[in-house]
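Commentary on secondary and tertiary structure
Listed below, chain by chain, are the residues.
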Amino acid sequence: MSYLLAPYFMFFVNLFYWTGALEKECGIKVSYKVVHDLVHYKLKAHLNVPRPQSNKANEEVQASFKKKLCELIKVMIKYFRKSKPVRIWCQDESRFGLITMQGRMITLKGVKPIGKKQWKRGNFYISGVVEPATGEQYYQEFAQLNYNCFQEFLNGFSQKH
């Protein structure tokens, strides 16, 4: 019965498993509609897309990294604050581009829809850093994302700051 109470029950496909599990575990035979109405209207649950997480993710390693990072930041602030203020920046990069999204088309029975496609895909990358304490930002655009581009980004950032 414990897996019925797991936070992942929100996936409506799993409602089929709920109906079987309720019958098997509790001896209650209910239809999909009854379970759907209970979950959706009474529990106010909605269909949510899960945040992607690698199947190789190790929670212990992540927790250890977070703990060590906090300790490292405290040491840096303690020893380097005397000569210069310690500034903490957050970095990320993103790809932006175009890709044709093919939707459904209404046609007569027996008529296959023909949709024009934009085969050429264009994209570019933006690397940026933000200092959360002040909101100060630095961004740079690249045609590709590789070691040389990232080194160019770091050089530009270090010259500005």
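What counts, and where the lines are drawn
- Residues numbered from 1 in each chain as written.
- Predicted model: local features only at pLDDT ≥ 70, side-chain atom pairs only at ≥ 80, totals over all residues.
- Heavy atoms only, no water.
- Helix = DSSP H or I, 4+ residues; strand = E, 2+ residues; numbered from the N terminus.
- Buried < 20%, exposed > 50% of the residue type's maximum accessible area, 1.4 Å probe, protein only.
- Contact = heavy atoms within 4.5 Å.
- Salt bridge = Lys/Arg side-chain N within 4 Å of Asp/Glu carboxyl O.
- Patch = residues over 30% accessible without salt bridge, like charges linked within 9 Å, V, L, I, M, F, W, Y side chains within 5 Å.
- Areas by Shrake-Rupley, 256 points an atom, 1.4 Å probe, with all protein chains shown as cover.
- Phe/Tyr/Trp six-rings, centres within 6.5 Å; stacked < 30°, edge-to-face > 60°.

**Here's the deal with the environment of P132**
Along the chain, the position of P132 falls in the loop between β2 (123-130) and β3 (137-142). A relative accessible area of 55% places P132 in the exposed class. Separated by 44 residues in the primary sequence, P132 and I88 have C-alpha atoms spaced 7.6 Å apart. Residues within four places of P132 in sequence aside, it is in contact with I88 and C90.

**Notes on the pattern of salt bridges**
Throughout the structure, instances matching the rule amount to 3 salt bridges. Between K33 and D37 there is a salt bridge, with the nearest N and O atoms lying 2.9 Å from each other. Here K33 and its partner D37 are both found in helix α2 (residues 32-42), 4 residues apart, which amounts to about one turn of the helix. A relative accessible area of 54% means that K33 is categorised as exposed. What makes D37 partly exposed here is its relative accessible area of 24%.

**Let's talk about the environment of Y125**
Here Y125 lies in strand β2. Between the C-alpha atom of Y125 and that of Q140, which follows or precedes it by 15 residues, the distance is 8.4 Å. Residue contacts for Y125: discarding those within four places in its chain leaves S94, R95, Q140, E141, F142, A143, Q144 and L145.

**Structural notes on a nonpolar patch on the surface**
A cluster of nonpolar side chains, contributed by F65, L69, L72, V75, M76, Y79 and F80, occupies part of the molecular surface with about 700 Å² of accessible area. Turning to its location among the elements, F65 is positioned in helix α3 (residues 59-80).

**Topic: the packing of aromatic side chains**
Geometry of an aromatic ring pair is reported as the spacing of the ring centres plus the angle between the planes. As enumerated under the stated definition, the model contains 5 aromatic pairs in all. Between W89 and F157, the ring centres sit 5.0 Å apart and the planes meet at 80 degrees, which makes this aromatic pair edge-to-face. Of this pair, W89 sits in the loop between α3 and β1 (90-97) while F157 is found in helix α4 (residues 147-160), placing the two residues 68 residues apart along the sequence. Taken together, W89, Y138, F150, F153 and F157 form an aromatic cluster joined through their ring pairs.

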